[in-house]
Amino acid sequence: MNRRIRTALGVALTATLVTTAAPAPAAAHDRRPSVIALPDGFQPEGVATAGRYAWFGSRATGEIYRADLITGAGKQVSPATGTPSLGLKVDARGRLFVAGGTAGDARVIDTRTGAVLASYRFAEAPTFVNDVTLTRDAAWFTDSNRPVLYRLPLGRGGTLPPAGGFTTLPLTGDFQQTGTGVNLNGIAPTPDGRALIVVQSNTGTLFRVDLATGVTTAVDVPGATFLNGDGLLLLGRTLYVVQNFLNQVAVVDLNRSGTAGVARGVITDPGFDVPTTVAAALGRLYLPNGRFTTPPTPTTPYTVVAVDAR
């Protein structure tokens with residue numbers, strides 16, 4: 001996820017990475033839409049998927065919108081809050097975990113009813129709670145303004161903690177907070193599930209985070225940098241890194257521990273317009289267009305683009 005602050009554009013992959021993965025055309029019998037319209041003026045940021053549905057959060061109002069990925073039809077499932085809804089993840093219990101951006105908070109929403117099940121205030125300004133990932137026993141959130149992760153522990157049966165029942169994990173080691181731009185952004189588990197991977201947007205570096213200590217080590221991906229790195233998605237050992245202003249998704253094959261990887265190329269699509277993050281469903285990748293270079297108005301159109309996973 002990212003604010004509407006344009007970080008300096010740069011070369012995301014070096015000249016050694018010349019393979020560009022272009023989306024394959026859909027089969028003739030595949031009637032799933034490759035572009036899904038969101039409400040005008042929505043300003044999407046996060047996406048989460050389960051089955052045939054995807055949920056999108058508005059960075060402008062906090063509204064949550066659900067779309068049917070087969071028909072393209074959608075509806076509001078949670079009303080505007082007046083604060084951002086950025087990174088999203090949905091769990092097997094139908095609960096949507098929402099990062100609250102400048103509000104410094106997070107909330108958990110019932111995807112069936114839209115009811116807010118719990119809310120958590122992590123920090124006061126300056127803060128930017130940007131993205132979230134789920135592990136077996138916790139939800140983890142990044143803060144783009146602070147070198148920390150917030151841990152929301154999940155109890156027996158996935159029980160949510162009370163309002164103050166979270167912890168803050170300071171990051172040490174290789175990661176260094178840099179300047180005033182977007183630092184920590186996307187977050188995902190390592191393939192072995194024993195650590196986390198985060199991306200630092202303004203330096204283009206991936207880091208592995210030790211969950212017990214907060215010690216970070218730079219992920220060794222020879223010849224690659226991930227400037228403007230935004231949302232992350234791990235499928236098996238393949239890590240997808242959305243590079244928003246570069247209008248591409250870097251594809252990295254990681255080792256099991258997430259300490260090193262090999263850059264396999266990038267995915268591009270003519271429909272990308274500053275995509276912010278990515279989620280997988282029905283054999284495809286779905287990316288909301290943040291359109292950060294387009295001045296937002298109540299009638300500005302926004303879309304979600306589907307491309308083939310590879």
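Residues numbered from 1 in each chain as written. Predicted model: local features only at pLDDT ≥ 70, side-chain atom pairs only at ≥ 80, totals over all residues. Heavy atoms only, no water.

**A few points about the environment of Asn-183**
In this structure, Asn-183 sits in the loop between strand 15 (172-173) and strand 16 (184-189). With 126 residues separating them along the chain, Asn-183 and Gly-57 place their C-alpha atoms 21 Å apart. Polar contacts involving the side chain of Asn-183 include one to the main-chain carbonyl oxygen of Gly-181, which spans 3.1 Å. (Helix = DSSP H or I, 4+ residues; strand = E, 2+ residues; numbered from the N terminus. Polar contact = N/O pair within 3.5 Å; in protein donor to acceptor, adjacent residues only side chain to side chain.)

**Digging into unusual backbone geometry**
Cis geometry marks the peptide bond from Ala-125 to Pro-126; its omega dihedral reads 0 degrees. Here Pro-126 shows up in the loop between strand 10 (116-121) and strand 11 (129-134). At Asn-247, a position not held by glycine, the phi torsion is positive, near 55 degrees. The residue Asn-247 is located in the loop between strand 21 (238-243) and strand 22 (248-254) in this model. Here the phi dihedral of Val-274 falls at roughly 60 degrees; this positive angle occurs in a residue that is not glycine. Structurally, Val-274 can be placed in the loop between strand 23 (261-267) and strand 24 (279-281).

**So, the side chain of Thr-133**
Mapped onto the fold, Thr-133 is located in strand 11. Thr-133 sits in the buried class, given a relative accessible area of 4%. When neighbours within four sequence positions are excluded, Thr-133 is seen to be in contact with Lys-89, Ala-138, Ala-139, Trp-140, Ile-187, Ala-188, Pro-189 and Leu-196. (Buried < 20%, exposed > 50% of the residue type's maximum accessible area, 1.4 Å probe, protein only. Contact = heavy atoms within 4.5 Å.)

**Focus on the packing of aromatic side chains**
Throughout the structure, instances matching the rule amount to six aromatic pairs. Where Phe-175 meets Phe-207, the ring centres are 5.4 Å apart and the plane angle is 85 degrees; that geometry is what we call edge-to-face. With Phe-175 in the loop between strand 15 and strand 16 and Phe-207 in strand 18 (residues 205-210), the pair connects residues that are 32 residues apart, well separated along the chain. Residue Phe-175 is classed as buried on the basis of its relative accessible area of 3%. Members of the aromatic cluster, connected to one another through ring pairs, are Phe-122, Phe-141, Tyr-150 and Phe-166. (Phe/Tyr/Trp six-rings, centres within 6.5 Å; stacked < 30°, edge-to-face > 60°.)

**So, the confidence of the model for the chain**
Reading predicted coordinates in detail is not appropriate for stretches of low pLDDT. The predicted model of the chain averages 92 in pLDDT, with 91% of residues at 70 or higher. A low-confidence stretch, residues 2-28 (pLDDT under 50), is modelled with 67 contacts involving residues beyond four sequence positions or located in other chains. (pLDDT = per-residue confidence, 0-100.)

**Focus: the sheet that holds strand 9 (residues 105-110)**
Sheet architecture is open: four strands sit in the order 7-8-9-10, paired in antiparallel fashion. The outermost strands of the open sheet, each flanked by one partner alone, are strand 7 (88-90) and strand 10. Here the strands of the sheet are splayed against their neighbours by 15 degrees on average, with no regard to which way each runs. Strand direction decides the pairing type here: strand 7 and strand 8 (residues 95-99), joined by three bridges, are antiparallel. Paired with Leu-88 across the two strands is Val-98, which belongs to strand 8. (Pairing = 2+ DSSP bridges. Axes fitted to C-alpha atoms, helices over the stretch in contact; angles between N-to-C directions.)

**Things to note about the environment of Ala-250**
Position of Ala-250 relative to the elements: it lies in strand 22. Of the residues examined, Ala-250 reaches a relative accessible area of 1% and is grouped as buried. Taking the C-alpha atoms as reference, Ala-250 lies 32 Å from Pro-298; in sequence the two are 48 residues apart. Apart from the residues within four sequence positions on either side, Ala-250 is in contact with Phe-226, Leu-239, Tyr-240, Val-241, Gln-243, Gly-265 and Val-266.

**A closer look at the environment of Leu-149**
Take Leu-149: it is sitting in strand 13 (residues 148-153). Of the residues examined, Leu-149 reaches a relative accessible area of 0% and is grouped as buried.

**Considering the sheet that holds strand 24**
Overall, antiparallel pairing links the four strands, which are arranged 2-26-25-24 in an open sheet. Single-partner strands in this sheet number two, and they are strand 2 (35-38) and strand 24. For this sheet, the mean inter-axis angle between neighbouring strands, taken without regard to orientation, is 30 degrees. Here strand 24 runs beside strand 25 (residues 284-288); their pairing, made up of three bridges, is antiparallel. Its bridge partner lying in strand 25, Ala-279 is registered against Tyr-286.

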